[in-house]
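Understanding the architecture of this molecule
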Amino acid sequence: MPPLRLLWLLFLTIGFSLQTGIAQGLEPSTKVYLDTLIHQSHSKKLHETRYWHLLLKYEKGTFGGYVSEADGMAFFNAPDGKTNPRAELEATLQSFLMPPEEIPKGKEHPQCNFPARYKWLKRELSFNPNRLQDQHCDRLSRWVEQLNPARVTLVFASYFMNNPASMFGHTLLRIDSKRTGPNQKLLNYGANYAATPDTENAVLYALKGLIGLFEGHFALFPYFTKVQEYNNWESRDLWEYELNFTEDQLDYLLLHLWELGGTFFDYYYFQENCSYHILSLLEIANPDLHLKDQFFFSVIPSDTVKLLMKQKGLVDQVVYRPGVLNQMNHKRFIMTPEERTAFFKVARQPEFIEKKEFKSLPIPSQALILDAYLDYLQYKGMQMQEDEKDKIRIPRSVLLARSRLNHQREDEEVTRFSTPPHLAHGSDRLRFGVGHNDDEPFQEIAYRPAYHDLLGADAGFNKDSEVIMFDFKARYYNESQRLKVDRAKLLGITSLSAYDPLFPKPSWRLSLGVDTLRDLDCDYCNSFRGNFGVGFAYRPEFFSPFLWFAFMDFDAEYSSRLDDNYRMGGDVELGGLIDLTENWKVEFTGSYHNFFFGDDKDFFSVKAGQRYSLSQNLDVRLEYRRHDNNNEGVASLNYYY
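Note that the coordinates shown come from a computational prediction; the quantities given were computed from them, not determined experimentally. (Residues numbered from 1 in each chain as written. Predicted model: local features only at pLDDT ≥ 70, side-chain atom pairs only at ≥ 80, totals over all residues. Heavy atoms only, no water.)

Let us now look at the overall build of the protein. A tally of regular secondary structure across the protein gives 17 helices and 22 strands. Once the C-alpha set of the protein is aligned to its principal axes, its extents read approximately 90 × 80 × 45 Å. Among the 641 residues that make up the protein, the fraction classed as buried is 51%. Residue pairs in contact within the protein that sit at least 24 positions apart in sequence constitute 63% of those at least 6 positions apart. (Helix = DSSP H or I, 4+ residues; strand = E, 2+ residues; numbered from the N terminus. Buried < 20%, exposed > 50% of the residue type's maximum accessible area, 1.4 Å probe, protein only. Contact = heavy atoms within 4.5 Å.)

Let us look at the pairing of strand β11 (residues 441-448). The alternating pattern of β11 places Phe-442, Glu-444, Ala-446 and Arg-448 on a buried face, while none of Pro-441, Gln-443, Ile-445 and Tyr-447, on the opposite face, is buried. Joining the antiparallel neighbours strand β10 (residues 429-437) and β11 is a turn of three residues. Pairing between β11 and strand β13 (residues 465-477): six bridges, direction antiparallel. Among the inter-strand pairings, Phe-442 is bridged to a residue of β13, identified as Tyr-477. (Pairing = 2+ DSSP bridges.)

We now examine helix α16 (residues 363-383). Note: α-helices contain 3.6 residues per turn, so residues at a spacing of three or four share the same orientation. The terminal C-alpha atoms of α16 lie 31 Å apart, and with 21 residues this matches the ideal 30 Å at 1.5 Å per residue to within 8%. A large share of α16 lies buried, amounting to 16 of its 21 residues. (Expected span 1.5 Å × (residues − 1).)

Let us look at the pattern of salt bridges. Under the counting rule described, the total for this entry stands at 60 salt bridges. The residue Arg-482 makes a salt bridge to Asp-523 at a minimum N-O spacing of 3.8 Å. With a gap of 41 residues between them, Arg-482 in strand β14 (residues 482-495) and Asp-523 in the loop between β15 (507-516) and β16 (526-538) connect regions that are remote in the sequence. Taking the relative accessible area as the measure of exposure, Asp-523 reaches 44% and is therefore partly exposed. Measuring nitrogen to oxygen at the nearest pair gives 2.9 Å for the salt bridge that ties Arg-518 to Asp-486. Of this pair, Arg-518 sits in the loop between β15 and β16 while Asp-486 sits in strand β14, and the two are 32 residues apart along the sequence. Grouping residues by exposure puts Arg-518 and Asp-486 together as buried. Salt bridges sharing common partners tie together Arg-431, Glu-444, Lys-473, Arg-475, Asp-486, Asp-515, Arg-518, Glu-623 and Glu-632. (Salt bridge = Lys/Arg side-chain N within 4 Å of Asp/Glu carboxyl O.)

An order of β8-β6-β5-β4-β3-β7-β9 is seen for the seven strands of this open sheet, with the pairing classed as antiparallel. Of all the strands in the sheet, the pair left with one neighbour each is β8 (265-267) and β9 (315-321). Along the sheet, successive strands turn relative to each other by an average axial angle of 35°, direction set aside. Bridging between strand β6 (residues 214-222) and β8 involves three bridges; their strand directions are antiparallel. Of the residues in β8, the one forming a bridge with Phe-214 is Tyr-267. Helix α12 (residues 301-310) contacts β3 (149-157), β4 (170-177), β7 (238-243) and β9 of the sheet and is inclined by roughly 135° relative to β3. (Axes fitted to C-alpha atoms, helices over the stretch in contact; angles between N-to-C directions.)

Another aspect to go through is the side chain of Thr-92. Relative to the helices and strands, Thr-92 is located in helix α4 (residues 85-96). Leave out the neighbours within four places in its chain, and Thr-92 touches Trp-52, Asn-77, Arg-117 and Leu-121.

This paragraph deals with the state of the cysteines. Under the criterion given, the structure shown has two disulfides. Disulfide pairing places Cys-112 opposite Cys-137 at an S-S distance of 2.0 Å. Measuring the twist about the S-S bond at about -85°, one finds the Cys-112-Cys-137 disulfide to be left-handed. In this pair, Cys-112 is assigned in helix α5 (residues 110-113) and Cys-137 in the loop between α6 (115-125) and α7 (138-147), connecting sequence segments 25 residues apart. Here the two residues Cys-112 and Cys-137 agree in accessibility, since each one is buried. Between the sulfur atoms of Cys-522 and its disulfide partner Cys-525 the distance amounts to 1.8 Å. Handedness here is read from the sign of the S-S torsion; for Cys-522 and Cys-525, about -75°, the answer is left-handed. Both residues of the pair, Cys-522 and Cys-525, count as buried. Here the cysteine-cysteine linkages of the protein are recorded as 1-2, 3-4, numbering only bonded cysteines and doing so in sequence order. (Disulfide = S-S within 2.5 Å.)

Interpretation note: all reported values are geometric properties and have no functional meaning in isolation.
Written out as structure tokens, the structure is:
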């Protein structure tokens, strides 16, 4: 017998023995009361109610019945509780009647392990306090007292292109305490759901995350630790959405969060991820929200934020917390040209602050420059390994110079270098297009479940970046009367990092999938293609509408239509993006391709396109491409949802 099945049978045997032991340990009068409670629960069909299913994470099974998404078996009281809501409810009631003296030393009473279930069942069945007494839960009481909750806030950490798990952003909850005021949010606690990885291999990490081979756990932590990680180390902007719940709703949420601390879930990158389980917590607070029901294939963090904004009266206000790099960039943005020049001199040579040229600046200018320099040192220190951080200690002379100024800069509205995620277009895109090439007209239809391309509207996304997954496009050619797959891109990522003399970072891109060999006259034949490139991007100033870029790529293609069935080489590309207006963007590129292994060939290609947004989720595009001597133009309507 396989070891896993043996362990499962062993668990069932132990679980059944425990339940039988509890029943046998009950006094006759208590057994009678248990039967009464079970009968009442059956009469009210509590095991069929939405709230019981929410508490136990039940979802309808593929072949009927119910299956709980919770995978830690300590989450259930019945041996078959994972798949049997009725048996689980009966076993839960039975466990709540367990005599305290029967609890093993060091263990908690079931009422203390499952306080949200106890509170709900007590309300629904009106427990007789003389027959079923409330048990004192010391650990739970101290935990709730420590949190002292006043409200809950959903926090969205913006996109981080250097980590596959963070390219779509991340959501977590912050429990705001009655003890802390609006300026003391860092002292609150955060609740987070995340995978517990067991590998640092990027390929294995992606694979295990896709097929649910990581365990996902809820964790509670001081909020400042996440601000340190996201805001400071990764310099990600945080968007905080303060939510409106009643005191009773908030209590249910926290009691259920306590229950979840003792279990785990199989973590799925696209479905049962951070946002999915955060939504399930909010449904516990208010079961009328029906948040998870809105998603089918994927649950993407920005989409969940947009969904919350649609719930009438749920979001009280939205607060922007810039990352440390953008705190510095705000100061750079408001500097005069003279101040900016002095700042770069201080960044290169800190001793410049002792020179007459610096001291001759007005006091407010010196304070602004030194504050920006301190942000700069903090960010650089965050990027270094622990054994290197001594190299970036803040010079004592800088701290003394700043303190001697005795100047307090006035509070000012911080420049927003990112936009709130609820303004983003939908992650899924459906595209309808018509076009013409050198030979014939065609129509095309395309679908992709994720996520955002360079020509798309930037609102709510990481500007100048592209993340595309499973982009499928088919075309019907009118005169030849053929339906062909034009493209099936499995993955496409582009990160354009505008040059910054303080933090020079390369731009990069990669893609993998099936494409049409547009430079060959082979009746729209396809090839399997992969490429990787590094490049350089330049933007004249922070909010300039112009971004110029250059790339060098390595390309490899496989197709039976190629000599030797493959070709390998590279290309050099120059291009630009121009934001003509808030809704109108233009992209153009020119490339030289040279394949020197396999099918030997070199040619030029040109691409130009423009997108105009009609609304948040609708745009029209005109695109032109020339590959070698083959030309085509396409007009398309793109709907996002």
